[in-house]
Amino acid sequence: MPEFAAFVPTLEGSHWQQPLGKIVCVGRNYAEHAAELNNPIPAQPLLFIKPATSAVHIKQPLQLPQGQGDVHYETEIALLIGKPLCKVDDSTALNGVVGVGLALDLTLRDLQSELKKQGHPWERAKAWDGACPLTTFVPADRVTDWSALELVMRLNGKEKQRGKASQMLTPIATLISHISQTFTLLPGDVVITGTPAGVGRLTSGDHLELELTDLLKEQLTLA
Ligand code: ZN
């Protein structure tokens, strides 16, 4: 049995020690991404949860699952929650965010398509160990304009994804408020806010560069 150590998100410049609780994810939050997978735009945010065991720091060596079809990247803005948030409104939602970073919502796409066809839950495709690499978070107080946050992802030197928070169908504060009506968010929880268009397949040896506005830059090479 491998030893299990609870994943603790890294928050730059702080001694953050709260282990990650849950990762609340939103699907189809950018219209162009919904369209590229032939999915309708949902009437309200489409939510699902990845367990804490799916989180890894993006600098940890990443092994893709084998023999289960394509593994897709989805680059997403990630929020680290610092205060309990239960049924909050839009105007106070952001007070509970302590850090902002990037996540890869790794997805076994062939398996997800099969599960969707059968009307089954997606967890087997999205919640496996290692399915949510997270960057280091930067303090949320460095964000001056939440709608101006922009992520960029380059794969082997080519830009594949670029998305601005202002393009989200449900903006960040509204999203947190909406989530908190159903799932209480606790310190150490993470919210990932959906992927812009340009998702695609990963293969071993791929080199990824991730950027969030001028707040953070990370790169990694897959095993
Ligand atoms: Zn996603």
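The coordinates are above.
If you're wondering where the values come from, they're calculated on a predicted model, not measured in any experiment. (Residues numbered from 1 in each chain as written. Predicted model: local features only at pLDDT ≥ 70, side-chain atom pairs only at ≥ 80, totals over all residues. Heavy atoms only, no water.)

Caption draft 1: Highlighting the pairing of strand E1 (residues 22-27). Along E1, six of the six residues are buried, which leaves the element largely enclosed by surrounding structure. What you see with E1 is no split at all: Lys22, Val24 and Val26 on one side and Ile23, Cys25 and Gly27 on the other are buried throughout. Of the strand pairs in this sheet, E1 and strand E2 (residues 46-51) are connected by six bridges, and their pairing is antiparallel. Bridging from a neighbouring strand, Lys22 pairs with Pro51 of E2. (Buried < 20%, exposed > 50% of the residue type's maximum accessible area, 1.4 Å probe, protein only. Helix = DSSP H or I, 4+ residues; strand = E, 2+ residues; numbered from the N terminus. Pairing = 2+ DSSP bridges.)

Caption draft 2: Highlighting the pattern of salt bridges. Scanning all chains against the criterion turns up 13 salt bridges. Note that Lys117 and Glu114 form a salt bridge whose closest N and O atoms lie 3.5 Å from each other. Of this pair, Lys117 and Glu114 are both found in helix H3 (residues 109-118), three residues apart, which corresponds to roughly one turn of the helix. A residue is classified by how much of its surface remains accessible, and Glu114, at 35% relative accessible area, is partly exposed. Close ionic contact of Arg162 with Glu159 constitutes a salt bridge, the shortest N to O distance being 2.9 Å. If you follow the salt bridges from partner to partner, you end up with Lys50, Glu74, Asp105, Arg109 and Lys126 in one network. (Salt bridge = Lys/Arg side-chain N within 4 Å of Asp/Glu carboxyl O.)

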